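In case you want the letters, here they are:
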Amino acid sequence: MKVLITGASGLLGREIFNIFTKSNHDVTGLCFSRPREGLLQHDITDVKATEALMKKIKPELVIHSAAQRFPDKMESESEKSWNLNVTSTKALSELTQEVGGRMIYISTDYVYDGEAAPYSADAQTNPTNKYGLSKLEGENVIRNVDSNIILRIPVLYGNVQNLKESAFTCLLDVVRDKKPAKISSYEVRCPAHTKDIAKILLDLATQLKSVQGGVYQWSGLEKMSKWDVVKLLENELNLDTCHLEEVNGPSSGAPRPRDVEMDRSKLTDLGISHHTDFKTGFVDAIKPFL
């Protein structure tokens, strides 16, 4: 199958590219701000260039994982981020339809407000920040194509190139910095390993002819706050956390929802389910930085 992957040099995109390549698909991986050997550097916000590329490759499947995914950056660089998360998504969907392919759009659990977890795939959406709003609007602008698949995923961790790539792996630096800091135990997430999401996408691709368009969701099986991760680092790696203070209220910065666990049943009903134990996967992910 001809597969085009946007954001292929990113945290999730790298795993998608690797697993699809190893599965003998004809894969084109796109990157932009982080060029990498084996990938094509391309600005997907350049609609004319993207149109030419799509007509040349004619992918059967487009996995659109490129996005501005950091809520605080979304607040500070809103126009640029909106163009990437929404405008280019709409154009890519239209071009995918023109060449006869299907799109899987990677969305987020931040489309929910965190007040009524666990959320079914058809639950009411109500983003609390610009990032969630942009990803929801990205969903909305591609819903006119019935065959499009929307995959909502949680916060990710995995084989990071630097600790700042994940909202959870970056906490290792906070622990080791020794500077006093306040860490929230208020917001809880259901983190997923990037390898698990890549496997889910591969399963969807394998069943693509029979999988209906619409919204699918995956959450990890453990609920973790940032404070929970800090204590895990303390217990598993014997790191001192005395300089850190637990805060029972919301984190600073862009507003974040309280609990956005999502129902997984639409995927599990298809026989699709991949989960890495968080403690095991997380410790393995940060080992290169110890």
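The structure this text deals with has already been given above.
Not measured: the values here are computed from a predicted model. (Residues numbered from 1 in each chain as written. Predicted model: local features only at pLDDT ≥ 70, side-chain atom pairs only at ≥ 80, totals over all residues. Heavy atoms only, no water.)

**Student:** Give a description of the environment of Gly114 that names residues and reports values.
**Tutor:** Tracing the chain through its elements places Gly114 in the loop between strand E5 (102–108) and helix H5 (130–140). Overall, the relative accessible area of 7% leaves Gly114 in the buried class. Sequence separation between Gly114 and Asp240 is 126 residues; the distance between their C-alpha atoms is 31 Å. (Helix = DSSP H or I, 4+ residues; strand = E, 2+ residues; numbered from the N terminus. Buried < 20%, exposed > 50% of the residue type's maximum accessible area, 1.4 Å probe, protein only.)

**Student:** Any chance you could break down the packing of aromatic side chains for me, citing the residues and the numbers?
**Tutor:** Using the criterion set out here, one finds 6 aromatic pairs in the structure. With a centroid separation of 6.3 Å and an interplanar angle of 65°, the aromatic rings of Tyr157 and Phe282 are classed as edge-to-face. Of this pair, Tyr157 sits in strand E7 (residues 156–157) while Phe282 is found in helix H10 (residues 278–286), placing the two residues 125 residues apart along the sequence. The pair formed by Tyr157 and Phe282 is uniform in burial state, with each residue classed as buried. Aromatic pair Phe278 and Phe282: ring centres 5.1 Å apart, planes at 20°, arrangement stacked. Linking Phe278 with Phe282, this pair stays in helix H10, spanning 4 residues, or about one helical turn. Linked through ring pairs, Tyr157, Phe168, Phe278 and Phe282 together constitute an aromatic cluster. (Phe/Tyr/Trp six-rings, centres within 6.5 Å; stacked < 30°, edge-to-face > 60°.)

**Student:** Explain the packing of helix H4 (residues 78–98) against H5 to me, and be specific about the residues and the numbers.
**Tutor:** Where H4 meets H5, the axes come as close as 8 Å, and the angle between the chain directions of the two elements is 20°. With respect to each other, H4 and H5 are oriented roughly parallel. H5 is crossed by H4, and the crossing has right-handed handedness. Residues Ser78, Trp82, Asn85, Val86 and Thr89 of H4 form the contact with H5, whose own contacting residues are Lys130, Tyr131, Leu133, Ser134, Lys135, Glu137 and Gly138. (Axes fitted to C-alpha atoms, helices over the stretch in contact; angles between N-to-C directions. Parallel < 35°, antiparallel > 145°, perpendicular 65-115°, else oblique. Left-handed = near helix turned anticlockwise from the far one by under 90°. Contact = heavy atoms within 4.5 Å.)

**Student:** I'd like a description of the packing of helix H1 (residues 11–22) against helix H7 (residues 194–206), backed by residues and values.
**Tutor:** Relative orientation and spacing of two packed helices are given, respectively, by the angle between their axes and the distance between those axes. Closest axis-to-axis distance for the H1/H7 pair is 9 Å, and the angle between their directions is 50°. Taken as axis vectors, H1 and H7 run oblique relative to one another. The two elements H1 and H7 meet at a crossing, and its hand is right-handed. Contact with H1, carried on its side by Leu11, Leu12, Glu15, Ile16, Ile19 and Phe20, involves Thr194, Lys195, Ile197, Ala198, Lys199, Leu201, Leu202 and Ala205 of H7 and no other residues of that element.

**Student:** Lay out the sheet that holds strand E11 (residues 214–217) in plain terms, naming residues and giving numbers.
**Tutor:** Pairing is parallel in the open sheet, where 7 strands are placed in the order E3-E2-E1-E4-E5-E6-E11. If you trace the sheet from one side to the other, it starts and ends with strand E3 (40–41) and E11, each paired once. The sheet contact formed by strand E1 (residues 2–6) and strand E4 (residues 61–64) spans 4 bridges and is parallel. Paired with Val3 across the strands is Leu61, a residue of E4. Against the sheet, H4 makes contact with E1, E4 and E5, and its axis sits at roughly 160° relative to E5, the strand it touches most. (Pairing = 2+ DSSP bridges.)

**Student:** Outline the environment of Arg264, listing residues and values.
**Tutor:** Mapped onto the secondary structure, Arg264 falls in the loop between strand E13 (244–247) and helix H9 (265–268). Its relative accessible area of 16% is what places Arg264 among the buried residues. Measuring from C-alpha to C-alpha, the distance between Arg264 and Tyr119 comes to 9.1 Å, with 145 residues separating the pair along the chain. Setting aside residues no more than four positions away along its own chain, Arg264 makes contact with Gln217, Trp218, Ser219, Gly220 and Leu221. A polar side-chain atom of Arg264 sits 2.7 Å from the main-chain carbonyl oxygen of Ser219. (Polar contact = N/O pair within 3.5 Å; in protein donor to acceptor, adjacent residues only side chain to side chain.)

**Student:** Give me the lowdown on the pattern of salt bridges, citing residues and values where you can.
**Tutor:** Following the criterion strictly, the structure yields 15 salt bridges and no others. Between Glu234 and Lys231 there is a salt bridge whose closest N-O contact spans 2.7 Å. One end of the pair is Glu234 and the other is Lys231, both in helix H8 (residues 226–237) and 3 residues apart, which spans about a single turn. The partly exposed category is assigned to Glu234, whose relative accessible area is 23%. A residue is classified by how much of its surface remains accessible, and Lys231, at 27% relative accessible area, is partly exposed. A salt bridge links Arg264 to Glu261; the shortest N-O distance between them is 3.2 Å. Beyond isolated ion pairs, a larger network of salt bridges with shared partners links Lys223, Asp259, Glu261 and Arg264. (Salt bridge = Lys/Arg side-chain N within 4 Å of Asp/Glu carboxyl O.)

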